[in-house]
Amino acid sequence: MAWPAPTGTIAAREGESLLAWVVFFAHPNEQGVAILQWIMVERERERIAQGHNTEHPGTRAELQMLEPLAREAAKQAHEAGYTQLEWFPAEPGFAEDLASLLQAQALDDDDGYRYYRLDL
């Protein structure tokens, strides 16, 4: 099954440099739910160069860059008619710390995988 096209994309820049971006799109199986994904450019470069996900936890500076992007995505998702925003752990610490900052719920799916849900 193909994933839906993004509903919204929010980027962080410093001068001409792209630092990070978040994207949200409709959950393929749940009405009213948007999925949030993010890319931290430096981590993505490392992932591509090494051929696997980074192992070191997110830094405070990275989280401070991600938080306003996620908040803006939540705002735009709400304005687009979504009632919930969900995300999944990818890199150590980001999903959990973001859930704490945004006061999102930590949930487990039927297979025992953790994910996070923010009511909009």
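Our subject in this report is the structure included herewith. Here the structure is a predicted model, which means the values were calculated and not measured.

**Details of the packing of aromatic side chains**
Step number 1: If you walk through the whole model with that rule in mind, you get 3 aromatic pairs.
Step number 2: Arranged with centres 6.3 Å apart and planes meeting at 90 degrees, the rings of Phe24 and Tyr82 form a pair that is edge-to-face. Of this pair, Phe24 sits in strand E2 (residues 17-26) while Tyr82 sits in the loop between helix H2 (60-79) and strand E4 (84-87), placing them 58 residues apart in sequence.
Step number 3: Assessed through its relative accessible area of 1%, Phe24 is described here as buried.
Step number 4: Where Trp87 meets Tyr116, the ring centres are 6.3 Å apart and the plane angle is 20 degrees; that geometry is what we call stacked. With a gap of 29 residues between them, Trp87 in strand E4 and Tyr116 in strand E6 (residues 114-119) connect regions that are remote in the sequence. For the pair shown, Trp87 and Tyr116 are each scored as buried.

**A few points about the nonpolar core**
Step number 1: In this structure, Val22, Phe24, Leu36, Trp38, Leu85, Trp87 and Leu98 are the most contacted members of the largest nonpolar core, which totals 27 residues.
Step number 2: Breaking this core down by element, the ones donating at least two residues are strand E1 (8-14), E2, strand E3 (33-40), H2, E4, helix H3 (94-102) and E6.
Step number 3: The element best represented in this core is H2, accounting for 7 residues.
Step number 4: Contacts of Phe24, omitting those with residues within four sequence positions, involve Pro6, Thr7, Gly8, Ile10, Ala34, Ile35, Leu36, Ala73, Gln76, Ala77, Tyr82 and Leu85.

**Looking at the pairing of E2**
Step number 1: Sheet topology places E1 next to E2; 7 bridges connect them, and they run antiparallel. Of the residues in E2, the one forming a bridge with Thr9 is Val23.
Step number 2: Counting the residues that bridge the hairpin from E1 to E2 gives 2 residues, and of these Gly15 lies at a positive phi of roughly 65 degrees.
Step number 3: Sheet topology places E2 next to E3; 7 bridges connect them, and they run antiparallel. Counterpart to Val23 in the pairing with E3 is Gln37.

**Some thoughts on H3**
Step number 1: By the burial criterion, the buried members of H3 are Phe94, Ala95, Leu98, Ala99 and Leu102. The arc enclosing the buried residues of H3, seen along the axis, measures out at 130 degrees, which places them on a common side.
Step number 2: Where the residues of H3 are buried, they touch E3, helix H1 (41-50), H2, E4 and E6.

**Considerations on the environment of Ala90**
Step number 1: In this fold, Ala90 is placed in the loop between E4 and H3.
Step number 2: Sequence spacing of Ala90 and Asn53 is 37 residues, and the spatial spacing of their C-alpha atoms is 8.1 Å.

**Some details on the pattern of salt bridges**
Side chains that carry opposite charge are capable of pairing whenever their charged atoms lie near each other.
Step number 1: Scanning the entire structure with this criterion turns up 9 salt bridges.
Step number 2: Where Glu42 meets Arg45, a salt bridge forms, and the shortest distance between an N and an O atom there is 2.3 Å. You can see Glu42 and its partner Arg45 sitting in helix H1, 3 residues apart, about one turn around the helix.
Step number 3: One salt-bridge network, held together by shared partners, links Glu30, Glu86 and Arg117.

About the thresholds
Residues numbered from 1 in each chain as written. Predicted model: local features only at pLDDT ≥ 70, side-chain atom pairs only at ≥ 80, totals over all residues. Heavy atoms only, no water. Phe/Tyr/Trp six-rings, centres within 6.5 Å; stacked < 30°, edge-to-face > 60°. Helix = DSSP H or I, 4+ residues; strand = E, 2+ residues; numbered from the N terminus. Buried < 20%, exposed > 50% of the residue type's maximum accessible area, 1.4 Å probe, protein only. Core = buried A, V, L, I, M, F, W, Y, C linked by side-chain atoms within 4.5 Å. Contact = heavy atoms within 4.5 Å. Pairing = 2+ DSSP bridges. Arc of directions from axis to C-beta. Salt bridge = Lys/Arg side-chain N within 4 Å of Asp/Glu carboxyl O.

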